Amino acid sequence: MTFPPAPASSHPETIALHAGWRADATTGSVAVPIHQTTSFQFQDTAHAERLFGLAELGNIYTRIMNPTVDVLEQRMAALEGGVAALAVGSGQAATAFSVMNLCSAGDNIVSSTDLYGGSVNLFANTLKQFGIEVRFVDPADPQGFVAATDARTRCWYAETLPNPKLQVFPIAEVAALGRAIGVPLIMDNTAAPILCRPLDLGAAVVMHSTTKWIGGHGNSIGGVVVDGGNFDWAAHAERFPTLNTPDPSYHGAIWTVAAAPLGPIAYILRMRTCLLRDLGAPMAPFNAFLTLQGLESLPLRIERHCANAIRVAAYLANHAGIASVTHPSLQDGEARARADATLKGGYGSLMGFELKAGAEAGRRFIEALRLFYHVANIGDSRSLAIHPATTTHSQLTAEQQMASGVSPGYVRLSIGIEHIDDIIADLAQALDASVA
Ligand code: PLP
């Protein structure tokens, strides 16, 4: 049986349900089947040879590709406006792969300081052990990226809506500066799916922790890297040796050449054929299935997340016991202008606040919550809360914590899709308890 794909759409609501899959060719199954297998039977030896030689793309072994994971990859590429994607076992793996795909020992990248704590650790410590230097610059000054760049700089890296400061990154400005000197911008768009498409603004690569809003139900760790197909790696051959020089691990393939017949996918093809092959970290088929279930309702959920978050931010900002609230809806000046220009349809569902009564009151507040979960996660359909200084950011130095905007009394909230009255009622009773 063959089932033609649904008509292509530019609307995320339709993409989230239809891109990359119509129905199973053998059974007609509409839901994406879970291909829980390690390996795939070859038709004959010639078929096997063609697959290994990349003369034909197809399933070999689930570490490298899998049909269930493939649907998620296609859907995420369509959602972000890219040409192809690679799903991996976690957002951390996606971040690591996105950079390592371009870097060898002795190379460097330039990154915004406003990053998830795990990315800071990976960049400042683990990549350093492998000889990759990460130069951190203040995202408020796009020119800082240029100033920190030299001939061994392979990419720039930043987050669209980094918590806890929640100041939108100047994607278009920085991407344009990078393109002028042949440096690609990689964006972590974890906190702003649907709201922002960094590839449309000039980024070359987008990654997500699908663990968060995309999966959305708090049940599967995962990550994805989307290749924008919009960066000419061959035009800057000296800057990207991993893509432009013969690869001894693949019969001397030059990835920009090998990928050409397949489309502008050299970056993501090399990530799959080399990094995923050698370092592992594939997304499990079952996790891809669960992530696809989440993705189907992502556009609707984002609407509710954002609507609830605006109401909560306004409530907190008017509360007598609260010193400050951080949410783009409450920003003004340049930060707000950038949020309005970059985020479409809402300001995201992360926010933070500082209690007037200080850090101890912050702890009491979290312990008094009854609806919100106290967890190290964001982007769940449920409302979540945490005290970053003692948890998610605790492995950073005090200096690194302050640089990323984590003060000792800061409480972070990820607003869910429950009824707004119940969310505010829980916050109200916990705030009362925190000052008692
Ligand atoms: N990027 C951002 C912005 C995150 O918040 C996280 C995790 O919290 C990650 C990357 C890492 O993702 P994962 O936990 O799926 O490895």
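Residues numbered from 1 in each chain as written. Predicted model: local features only at pLDDT ≥ 70, side-chain atom pairs only at ≥ 80, totals over all residues. Heavy atoms only, no water.

- The name given to the protein chain in an unreviewed UniProt entry is O-acetylhomoserine sulfhydrylase, with the source organism recorded as Humitalea rosea.
- Here is the UniProt Cofactor (unreviewed entry) comment for the protein chain, exactly as written: "pyridoxal 5'-phosphate".
- Per its UniProt entry, the protein chain bears the Sequence similarities (unreviewed entry) comment "Belongs to the trans-sulfuration enzymes family." (UniProt positions renumbered as here; feature names shortened; annotations may be inferred.)

1. Remarks on the pattern of salt bridges
Then step 1. Taken as a whole and assessed by the stated rule, the structure comprises 14 salt bridges.
Then step 2. Note that Asp 114 is salt-bridged to Lys 165, the shortest N-O span being 3.1 Å. Separated by 51 residues along the polypeptide, Asp 114 in the loop between strand 2 (108–112) and helix 5 (117–129) and Lys 165 in the loop between strand 4 (153–159) and helix 7 (171–180) bring together distant segments of the chain.
Then step 3. The class for Asp 114 is buried, based on a relative accessible area of 5%.
Then step 4. Measuring nitrogen to oxygen at the nearest pair gives 2.9 Å for the salt bridge that ties Arg 338 to Glu 334. Separated by 4 residues within a single helix, Arg 338 and Glu 334 lie in helix 13 (residues 333–342), roughly one turn from each other.
Then step 5. When salt bridges that share partners are traced, they join Asp 107, Arg 152 and Arg 154 into one network. (Salt bridge = Lys/Arg side-chain N within 4 Å of Asp/Glu carboxyl O. Helix = DSSP H or I, 4+ residues; strand = E, 2+ residues; numbered from the N terminus. Buried < 20%, exposed > 50% of the residue type's maximum accessible area, 1.4 Å probe, protein only.)

2. Some details on the state of the cysteines
Then step 1. Counting across every chain of the model gives 0 disulfides.
Then step 2. Cys 103 takes part in no disulfide bond, and the closest cysteine sulfur, belonging to Cys 155, lies 5.2 Å away.
Then step 3. Not part of a disulfide, Cys 274 finds its nearest cysteine sulfur in Cys 103, a span of 15 Å. (Disulfide = S-S within 2.5 Å.)

3. Some remarks on the nonpolar core
A general trend in soluble globular proteins is that nonpolar side chains are found buried together.
Then step 1. Counting 51 residues, the largest nonpolar core has Leu 72, Met 76, Phe 169, Leu 185 and Leu 343 as the members making the most contacts within it.
Then step 2. For this core, the secondary-structure elements that each account for two or more residues are helix 3 (67–80), strand 1 (84–88), strand 4, helix 7, strand 5 (185–188), strand 7 (223–227), helix 11 (285–296) and helix 12 (298–317).
Then step 3. Element by element, the count of residues in this core is highest for helix 3, at 6 residues.
Then step 4. Setting aside residues up to four positions removed in sequence, Phe 169 forms contacts with Ser 112, Pro 139, Phe 145, Ala 158, Glu 159, Thr 160, Val 174, Leu 185, Met 187 and Arg 338.
Then step 5. Counting residues in each nonpolar core, the second largest holds 44 residues, with Val 99, Cys 103, Leu 122 and Met 271 among its members. (Core = buried A, V, L, I, M, F, W, Y, C linked by side-chain atoms within 4.5 Å. Contact = heavy atoms within 4.5 Å.)

4. Thoughts on the domain arrangement of the protein chain
Then step 1. Domain parsing of the protein chain yields domain 1 (15–286) and domain 2 (299–434).
Then step 2. Taking only C-alpha atoms into account, the centre of domain 1 sits 29 Å from that of domain 2.
Then step 3. At the interface, 35 residues of domain 1 touch 38 residues of domain 2.
Then step 4. Note on domain 1 versus domain 2: buried area summed over both sides is about 2,900 Å², and carbon and sulfur give 62% of it. (Domains from an automatic or database assignment. Buried area = accessible area lost by both parts, 1.4 Å probe.)

5. Things to note about the sheet that holds strand 7
Paired through their backbone hydrogen bonds, the strands of a sheet run either parallel or antiparallel.
Then step 1. Strand order across the open sheet formed by 7 strands is 1-7-6-5-4-2-3, with mixed pairing between neighbours. Lying at the two open borders of the sheet, with one neighbouring strand each, are strand 1 and strand 3 (133–137). Sheet twist, expressed as the mean angle between neighbouring strand axes with direction ignored, is 20°.
Then step 2. One ladder, built from 4 bridges, connects strand 4 with strand 5; its direction is parallel. Along strand 5, the bridge assignment pairs Tyr 157 with Ile 186. (Pairing = 2+ DSSP bridges. Axes fitted to C-alpha atoms, helices over the stretch in contact; angles between N-to-C directions.)

6. With respect to the pairing of strand 1
Then step 1. Most of strand 1 is tucked away: 5 of the 5 residues are buried.
Then step 2. Burial along strand 1 is two-sided: Ala 84, Leu 86 and Val 88 facing one way and Ala 85 and Ala 87 facing the other are all buried.
Then step 3. Where strand 1 and strand 7 come together, 5 bridges link them in antiparallel fashion. Bridging across to strand 7, Ala 87 finds its partner in Val 224.

7. Observations regarding the side chain of Ser 111
Then step 1. Mapped onto the secondary structure, Ser 111 falls in strand 2.
Then step 2. For Ser 111, a relative accessible area of 0% corresponds to the buried category.

8. Observations concerning the UniProt feature "modified residue: N6-(pyridoxal phosphate)lysine" (unreviewed entry) in the protein chain
Then step 1. Residues given the UniProt feature "modified residue: N6-(pyridoxal phosphate)lysine" (unreviewed entry) here are Lys 212.
Then step 2. With respect to the helices and strands, the residue Lys 212 is situated in the loop between strand 6 (205–209) and strand 7.
Then step 3. Since its relative accessible area comes to 15%, Lys 212 is described here as buried.
Then step 4. Residues within four places of Lys 212 in sequence aside, it is in contact with Thr 190, Asn 377, Ile 378 and Gly 379.

9. Remarks on unusual backbone geometry
For residues other than glycine, phi is negative in most cases, and the peptide bonds are mostly trans.
Then step 1. Cis rather than trans, the peptide bond between Asn 163 and Pro 164 has omega equal to 15°.
Then step 2. Relative to the assigned elements, Pro 164 resides in the loop between strand 4 and helix 7.
Then step 3. One non-glycine residue, Leu 166, adopts positive backbone phi at about 55°.
Then step 4. In this structure, Ala 281 takes a positive phi of about 70° despite not being glycine.
Then step 5. Position of Ala 281 among the secondary structure elements: in the loop between helix 10 (266–279) and helix 11.
Then step 6. Overall, Ala 281 belongs to the partly exposed group, its relative accessible area being 32%.

10. Overview of the site of the ligand
Then step 1. Neighbouring the ligand are Ser 90, Gly 91, Gln 92, Tyr 116, Glu 159, Asp 188, Thr 190, Ser 209, Thr 211, Lys 212, Gly 222 and Ile 378.
Then step 2. A distance of 2.7 Å is found between a nitrogen atom of the ligand and a side-chain nitrogen or oxygen belonging to Asp 188.
Then step 3. Between an oxygen atom of the ligand and a side-chain N or O atom of Thr 211, the distance comes to 2.6 Å.
Then step 4. Its free accessible area being 390 Å², the ligand has 91% of it covered by the protein chains.
Then step 5. Tallied by class, the residues present in the shell around the ligand amount to 2 nonpolar, 7 polar and 3 charged. (Near = heavy atom within 4 Å. Polar contact = N/O pair within 3.5 Å; in protein donor to acceptor, adjacent residues only side chain to side chain. Areas by Shrake-Rupley, 256 points an atom, 1.4 Å probe, with all protein chains shown as cover. Nonpolar A, V, L, I, M, F, W, Y, C, P; charged D, E, K, R; others polar.)

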